[in-house]
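Summary of structural features
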Amino acid sequence: MSDTAAWLGGIRSAWLSVFAYVLFGTYIGIGALAYDFNFSLAWVIWSTLLVWAGPAQVILISTLGGGAQLIEVAIAVGLSGVRLLPMVVSLMPLLRAPQTRSYQLLLPAHFTAVSMWVESMRLAPQMPVERRIAFCNGLASGYMMSAMIATVAGYYLAARLPILLTAALLFLTPMSFLVSIARNSSMLVDRLAMIFGLILGPVLAFQNVELDVMWAGIAGGTLAYIAHRIRSGMQ
């Protein structure tokens, strides 16, 4: 199998995945949101390409459109992207072959989003190690094609989309991620982390705790790890 065949196989896998269609719905909402804040079509297309994270892009559009200072926007978008760092750290060793150079990992690192990470962790181990980078780049390219087309469609449909529908489309992404993570959680520690996070998230949000999602993830993951260690010690 050549790199080109692996890349095309990644694109095919992307379009066979539910994530391609969830992202399509989400980015229709993002395109409509950008239109409502009077950003140009070229600007929102470039933001989709360069930011490549739906929640961060919503933050970028809404804060800039709302008149926030650039430093505040940069901090908010940067903090929202921190959640992807553990995904990059866990995925890169899976892609690295003995002959892989560091610069070859830059593109898949940029492409790493929840959708790409979930499917790469599921499908990449089935590929020869020297073809995994090309496959994951193809997988992400397929998802980005869906997002780009939807961004343009949402931008031009914005005047006809009810606000409630736009909000519902943006909600598709977190729900699909939750379902996929639940499906791929094969170990007890994974399930515990998800359960603790689902319990703590609403509690922290109700208490108006800043960075509630981040703290729910840290606390939920830590509690799950402690429970896992205790259970392992008892066996």
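Residues numbered from 1 in each chain as written. Predicted model: local features only at pLDDT ≥ 70, side-chain atom pairs only at ≥ 80, totals over all residues. Heavy atoms only, no water.

**Some details on the packing of helix α3 (residues 41-51) against helix α4 (residues 54-65)**
Axis separation between α3 and α4 bottoms out at 10 Å; the angle between their running directions is 140°. Taken together, the axes of α3 and α4 lie oblique to each other. The two elements α3 and α4 meet at a crossing, and its hand is right-handed. Each of Trp-43, Val-44, Ser-47, Thr-48 and Val-51 in α3 lies in contact with α4, whose residues at this interface are Ala-56, Gln-57, Leu-60, Ile-61 and Leu-64. Here the residues of the contact of α3 with α4 are counted per class, giving 7 nonpolar, 3 polar and no charged. (Axes fitted to C-alpha atoms, helices over the stretch in contact; angles between N-to-C directions. Helix = DSSP H or I, 4+ residues; strand = E, 2+ residues; numbered from the N terminus. Parallel < 35°, antiparallel > 145°, perpendicular 65-115°, else oblique. Left-handed = near helix turned anticlockwise from the far one by under 90°. Contact = heavy atoms within 4.5 Å. Nonpolar A, V, L, I, M, F, W, Y, C, P; charged D, E, K, R; others polar.)

**A few points about the nonpolar core**
Core analysis: the biggest nonpolar cluster contains 51 residues, and Tyr-27, Trp-52, Ile-61, Leu-95, Met-116 and Tyr-143 have the highest contact counts within it. Mapped by element, the contributors of at least two residues to this core are α1 (3-16), α2 (18-36), α3, α4, α5 (70-81), α6 (85-95), α8 (114-123) and α9 (132-157). No other element matches α9, which puts 12 residues into this core. Ignoring sequence-local partners within four residues, the contact set of Trp-52 consists of Leu-23, Tyr-27, Ser-47, His-110, Phe-111, Ala-113, Ala-140, Tyr-143, Met-144 and Ala-147. (Core = buried A, V, L, I, M, F, W, Y, C linked by side-chain atoms within 4.5 Å. Buried < 20%, exposed > 50% of the residue type's maximum accessible area, 1.4 Å probe, protein only.)

**Quick notes on unusual backbone geometry**
Even without glycine at this site, Asn-38 takes up a positive phi of about 65°. We note that Trp-52 has phi near 45°; this positive angle belongs to a residue other than glycine. Here Trp-52 is to be found in the loop between α3 and α4. The exposure class of Trp-52 is buried, given its relative accessible area of 3%.

**What about α8?**
Among the 10 residues in α8, 7 count as buried, and that is most of the element. The set of residues buried in α8 consists of Val-114, Ser-115, Met-116, Val-118, Glu-119, Ser-120 and Leu-123.

**Considering a nonpolar patch on the surface**
A grouping of Leu-223, Tyr-225, Ile-226, Ile-230 and Met-234 is seen on the molecular surface, where their side chains present a nonpolar patch of about 540 Å² in accessible area. Mapping Tyr-225 onto the fold places it in helix α12 (residues 212-234). (Patch = residues over 30% accessible without salt bridge, like charges linked within 9 Å, V, L, I, M, F, W, Y side chains within 5 Å. Areas by Shrake-Rupley, 256 points an atom, 1.4 Å probe, with all protein chains shown as cover. Salt bridge = Lys/Arg side-chain N within 4 Å of Asp/Glu carboxyl O.)

**As for the environment of Arg-191**
Residue placement: Arg-191 occurs in helix α11 (residues 188-206). When its relative accessible area of 39% is taken as the criterion, Arg-191 is described as partly exposed. Taking the C-alpha atoms as reference points, Arg-191 and Trp-215, separated by 24 residues in sequence, lie 18 Å from one another.

**Concerning the packing of aromatic side chains**
Tallying each qualifying case throughout the model produces 6 aromatic pairs. Ring geometry for Phe-19 against Tyr-143: centres 6.3 Å apart, planes inclined by 85°, an arrangement best described as edge-to-face. Of this pair, Phe-19 sits in helix α2 while Tyr-143 sits in helix α9, and the two are 124 residues apart along the sequence. As far as the burial class goes, Phe-19 and Tyr-143 line up, both buried. Through pairs of rings, three or more aromatic residues link up here, namely Tyr-35, Tyr-155 and Tyr-156. (Phe/Tyr/Trp six-rings, centres within 6.5 Å; stacked < 30°, edge-to-face > 60°.)

**Things to note about the side chain of Gln-57**
Mapping Gln-57 onto the fold places it in helix α4. In contact with Gln-57, other than residues within four places in its own chain, are Tyr-27, Ile-30, Val-44, Ser-47, Thr-48 and Val-51.

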